[in-house]
Amino acid sequence: MAKIAWGITGGGHLLKESLDAFGGLENADLFVSAAGMEVLDVYSLEPPVTPITDSTFSTKTCAAFASGRYGLFVISPATSNSVAKFAYGISDTMITTLFSQCGKSRVPTIVLPTDMEETVMSMGATKPLKIYPRPVDLENAEKLKSFPGVSVVRTIEELLKKISETPGRGV
Ligand SMILES: Cc1cc2nc3c(=O)[nH]c(=O)nc-3n(C[C@H](O)[C@H](O)[C@H](O)COP(=O)(O)O)c2cc1C
């Protein structure tokens, strides 16, 4: 069975929940963006496995996606920065390049944006904070829904349900 690739960007919102959900999966690899590594450090969170952190300009790890090693790409949490790049076809970081390569290689992708609601109770660096995503953040997340092979979800529960519905992953 092809593996799951799970990408983490530099979002604090739903970060702990994403790591917990990833930890419950079998046959999955963890990819963490440069900002993601910094944010893990801010919250003193340890990933359950050694993450893949590709700092090459070309994202050399993307070859594994075109060759069929991964059958599903999950991005959770996805920052408003990465979501904007996904929505406009920009691939200049590891996670944004993997997202676009999945589209080109027809690898199904599930995105859980940090900025999906009008207000978000987020995990601030020292205490919970109320965040008001901008219209542009909400529009970019909405735009992704029209991408072939891309599912956009709002919660970890929805994300896990989508994963279990992926062929070969049924519970
Ligand atoms: C502690 C901390 C938490 C953050 N949480 C979020 C978040 O929940 N959502 C978001 O869009 N950006 C968040 N950011 C800002 C992103 O990390 C920043 O925009 C970064 O450039 C995103 O890079 P990436 O999309 O390549 O991972 C946070 C930054 C810090 C320092």
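Not measured: the values here are computed from a predicted model. (Residues numbered from 1 in each chain as written. Predicted model: local features only at pLDDT ≥ 70, side-chain atom pairs only at ≥ 80, totals over all residues.)

Draft legend 1. Examining helix H2 (residues 34–42) more closely. Buried residues of H2: Gly36, Val39 and Leu40, and no others. For H2, the arc enclosing every buried residue in end-on projection is 105°, short of the 170-degree limit, so these residues lie on one face. Relative to its buried face, H2 has exposed residues pointing more than 90 degrees away, namely Glu38 and Asp41. Check the buried side of H2 and you find it contacts strand S1 (3–8), helix H1 (15–23) and strand S2 (28–32). Count one or two residues on from H2 and you reach Ser44, which has phi positive near 50°. (Buried ≥ 20, exposed ≤ 12 C-beta atoms within 10 Å, placed from the backbone. Helix = DSSP H or I, 4+ residues; strand = E, 2+ residues; numbered from the N terminus. Arc of directions from axis to C-beta. Contact = placed C-beta atoms within 7 Å.)

Draft legend 2. Looking closely at the site of the ligand. Taken together, 19 residues sit near the ligand, with Thr9, Gly10, Gly12, Ala35 and Thr79 positioned nearest. Elements with a contribution of two residues or more to the shell around the ligand: H2 and helix H4 (80–87). Here the shell around the ligand gets four residues from one element, more than from any other, and that element is H2. Looking at the shell around the ligand residue by residue, the class counts come to four nonpolar, 14 polar and one charged. (Near = placed C-beta within 6 Å. Nonpolar A, V, L, I, M, F, W, Y, C, P; charged D, E, K, R; others polar.)

Draft legend 3. Summary view of the sheet that holds strand S3 (residues 70–78). Taken in spatial order, the five strands of this open sheet run S2-S1-S3-S4-S7, and their pairing is parallel. On the outer flanks of this sheet lie S2 and strand S7 (150–152), each paired with one strand and no other. On average, each strand axis in the sheet is tilted by 20° relative to the strand beside it, whichever way the strands run. Here S1 runs beside S2; their pairing, made up of five bridges, is parallel. In the strand pairing of S2, Gly7 is matched with Phe31. Along the sheet, H1 makes contact with S1, S2 and S3, crossing S3 at roughly 155°. (Pairing = 2+ DSSP bridges. Axes fitted to C-alpha atoms, helices over the stretch in contact; angles between N-to-C directions.)

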